Amino acid sequence: MSYASHDLAPLLTPPPASGVGVRQGVIVEWNPLTAENVVEVAGALLPNLPILNTSEARLLAPGDVVTILTAGASWAILGRFTVPGTPQAATALDAIGTFSATVETYETTTTTSWHSLTTPGPVVPDVLIGPSGRCLVYITSTITMLGAAGGGEMAYEISGATTVPTGDTPPALSYYGPAGSGPTATRLVLQEGLNPGLHTFTAKYVSEMDPGGSARFGGRNLTVVAL
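Right, let's walk through the structure included here.

Reading the values: the criteria
- Residues numbered from 1 in each chain as written.
- Predicted model: local features only at pLDDT ≥ 70, side-chain atom pairs only at ≥ 80, totals over all residues.
- Heavy atoms only, no water.
- Core = buried A, V, L, I, M, F, W, Y, C linked by side-chain atoms within 4.5 Å.
- Buried < 20%, exposed > 50% of the residue type's maximum accessible area, 1.4 Å probe, protein only.
- Contact = heavy atoms within 4.5 Å.
- Pairing = 2+ DSSP bridges.
- Helix = DSSP H or I, 4+ residues; strand = E, 2+ residues; numbered from the N terminus.
- Axes fitted to C-alpha atoms, helices over the stretch in contact; angles between N-to-C directions.

**Quick look at the nonpolar core**
Counting 27 residues, the largest nonpolar core has V124, V137, I139, Y156, F201 and L222 as the members making the most contacts within it. Apart from residues no more than four positions distant in its own chain, V124 is found in contact with F99, S100, A101, H199, T200, F201, L222 and V224. Core analysis: the next-biggest nonpolar cluster, separate from the first, contains eleven residues, I27, V41, I51 and A57 among them.

**A few points about the sheet that holds strand β11 (residues 173-177)**
Pairing is antiparallel across the open sheet formed by four strands, whose spatial order is β8-β13-β10-β11. What marks the edges here is a single partner per strand, and that holds for β8 (123-129) and β11. Sheet twist, expressed as the mean angle between neighbouring strand axes with direction ignored, is 25°. Bridging between strand β10 (residues 150-160) and β11 involves five bridges; their strand directions are antiparallel. Across the sheet, residue E153 finds its bridge partner in β11, namely S174.

Structure follows, in structure tokens:
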């Protein structure tokens with residue numbers, strides 16, 4: 001038995017469901033922790049619309065224009081209305097951004113306050129933090145005790161949309177040991193409480209050595225993952 005090609009067309013390309021449509025709205029309220037929202041559509045305020053594009057949800061904020069998919073009585077946010085070349089397009093492309101910088105140079109210090117080494121950095125600029133205010137920071141270095149027992153620490157300061165000085169917060173990558181010892185290690189920090197916007201992360205160092213000793217740092221890396 002054979003069928004004409006036009007007989008199969010309805011099976012292969014079924015007609016769209018009745019009542020399916022697209023509307024445009026504006027985010028009026030948005031909770032980045034729970035995704036609770038209020039969207040204005042044609043003057044009406046609609047609370048807590050579902051979200052279809054959850055990968056973009058962390059980028060939504062009051063004032064954003066969004067596309068809304070409708071199917072009968074069911075409405076849901078499909079995504080932001082994004083024009084190429086705008087800041088909204090840039091944030092969409094950097095929705096999950098990884099930024100990294102490395103300074104391979106091995107350098108020593110005896111300074112007991114946070115400071116830059118002779119070769120500063122690494123410096124990780126232009127990290128776009130979204131509405132969550134959070135990012136992951138990986139701190140990596142080889143830390144070696146030279147001449148005496150003691151310790152050395154590597155951390156970072158933050159500048160830009162938020163200022164966070166180096167110190168106990170954020171935490172540091174630390175090593176304390178006998179003379180001549182020195183592992184390569186990485187510490188992962190969940191950085192929270194940042195303002196949305198561009199940030200620069202700059203590595204800083206401190207030595208806590210016995211007299212006559214110095215801390216040496218090498219293969220230094222900062223990697224920041226915006227969440």
